[in-house]
Amino acid sequence: MAEAQIIDGKKIAGDVRAEVAKEVARLIAEHGVKPGLAVVLVGEDPASKVYVKNKAQQTVEVGMKSWEYKLPAETSEADVLALVNKLNNDAACHGILVQLPLPKHINSEKVLNSIHPDKDVDGFHPVNVGRLWVGERALVPCTPTGSIILAKSVKPNLSGMDAVVIGRSNIVGKPVAALLLRENCTVTIAHSRTKNIEDIVKCADLVIAAVGIPEMVKGSWIRPGAIVIDVGINRVPSENGKTKLVGDVAYDECAKVAGAITPVPGGVGPMTIACLLRNAAQAAAMQIGAKSVFA
Ligand code: GUN
């Protein structure tokens, strides 16, 4: 059996950023509005600092205005809420992202729910969750959107496919299931308490793994020819005493059986920021009452 097609997330993320840059240029030319995205980072989490730096750089590269608010770890919840409120009322700022995790003394849910739903570029606000499930125009979480774009890069029409999502988080599992339903897939959500998970995954034409368990999905679980999208990013010890990144899918085994598969790194990962920029452009268009190419 031939090896699977490797889905190049880095390249496809570049294509998405190019589309965003085009849309930004159009909003400036036709409406005189430059989309703006604010990112709020509280504290010193090293991974978060890297994400925020990359986000800011890519925001500027697609022609948007970028603001970075870096607040000390001891900032009070009230001060974070006051900053979000200020950004909610700033017409030049079309998207607000509060980087997670927040320090323990801050109630993340309270902060995320204080972001105006139309500026909620993470798509985490309950209003956007509801809009997604009822099929209204919504800001949709970035990693799920990126996962669907990658699946559609192999098979543009997913209609009628049997899709199995592994994982039921609010950030990936649940929203990606809603998106698959919107694509007319038959959707199963499997999770840590699912019985006979292997048998369920084996029935899937499309597998989206987002459980956070390193290499949980084995080659023997994959139906020959299936599309496999691996959302996992797990750091595990490697042979040379250092660490390496692996997904939720045992890549080498699964690549021998699947029709197409995303690598880790270089699969879903690069799509997240690209889709964040897409959401910011969509949010800007929505706020000025313009049509958006993205939703
Ligand atoms: N921290 C890690 N990933 C994300 C993300 O997608 N959004 C936010 N707000 N924080 C994160």
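Described in the following lines is the structure provided in the data block.

1. Section: the side chain of Q282
Note on placement: Q282 falls in helix α10 (residues 269-287). When its relative accessible area of 3% is taken as the criterion, Q282 is described as buried. Residues within four places of Q282 in sequence aside, it is in contact with R137, A138, L139, S292, F294 and A295.

2. A look at the layout of surface pockets
In this structure, the largest pocket occupies an estimated 1,400 Å³ of space. As for the largest pocket, its lining consists of 47 residues, of which Y51, T143, I233, G269 and T272 are closest to the centre. Counting only elements with at least two residues in the lining of the largest pocket, the list comes to α1 (9-31), α2 (46-61), β4 (95-98), α6 (142-154), β9 (234-237) and α10. A per-element tally of the lining of the largest pocket places α2 first, with seven residues. Considering only residue class, the lining of the largest pocket consists of 26 nonpolar, 13 polar and eight charged. Its volume calculated, the second largest pocket comes out at about 380 Å³. Residue assignment for the lining of the second largest pocket shows that the elements contributing at least two residues are α4 (108-114), α5 (126-134) and α7 (173-182). Sort the elements by how many residues they give to the lining of the second largest pocket and α5 lands first, with five residues. Looking at the lining of the second largest pocket residue by residue, the classes come out as eleven nonpolar, five polar and two charged.

3. Some points on the sheet that holds strand β8 (residues 227-230)
Spatially, the six strands line up as an open sheet ordered β1-β11-β8-β7-β5-β6, and their pairing is parallel. Of all strands in the sheet, those with a lone pairing partner are β1 (5-6) and β6 (186-190), marking the two edges. By the bridge criterion, two bridges tie β1 to strand β11 (residues 260-261) in an arrangement that is parallel. If you follow Q5 over to β11, its bridge partner there is A260. Its contacts with the sheet place α7 against β5 (162-166), β6 and β7 (206-209), and it is angled at close to 170° to β5.

About the cut-offs
Residues numbered from 1 in each chain as written. Predicted model: local features only at pLDDT ≥ 70, side-chain atom pairs only at ≥ 80, totals over all residues. Heavy atoms only, no water. Helix = DSSP H or I, 4+ residues; strand = E, 2+ residues; numbered from the N terminus. Buried < 20%, exposed > 50% of the residue type's maximum accessible area, 1.4 Å probe, protein only. Contact = heavy atoms within 4.5 Å. 1 Å grid on protein atoms, 1.4 Å probe; cavity = no way out; pocket = protein on both sides within 12 Å on 5 of 7 lines; lining within 4 Å. Points joined across faces, edges and corners; volume = space filled by probe spheres on them. Nonpolar A, V, L, I, M, F, W, Y, C, P; charged D, E, K, R; others polar. Pairing = 2+ DSSP bridges. Axes fitted to C-alpha atoms, helices over the stretch in contact; angles between N-to-C directions.

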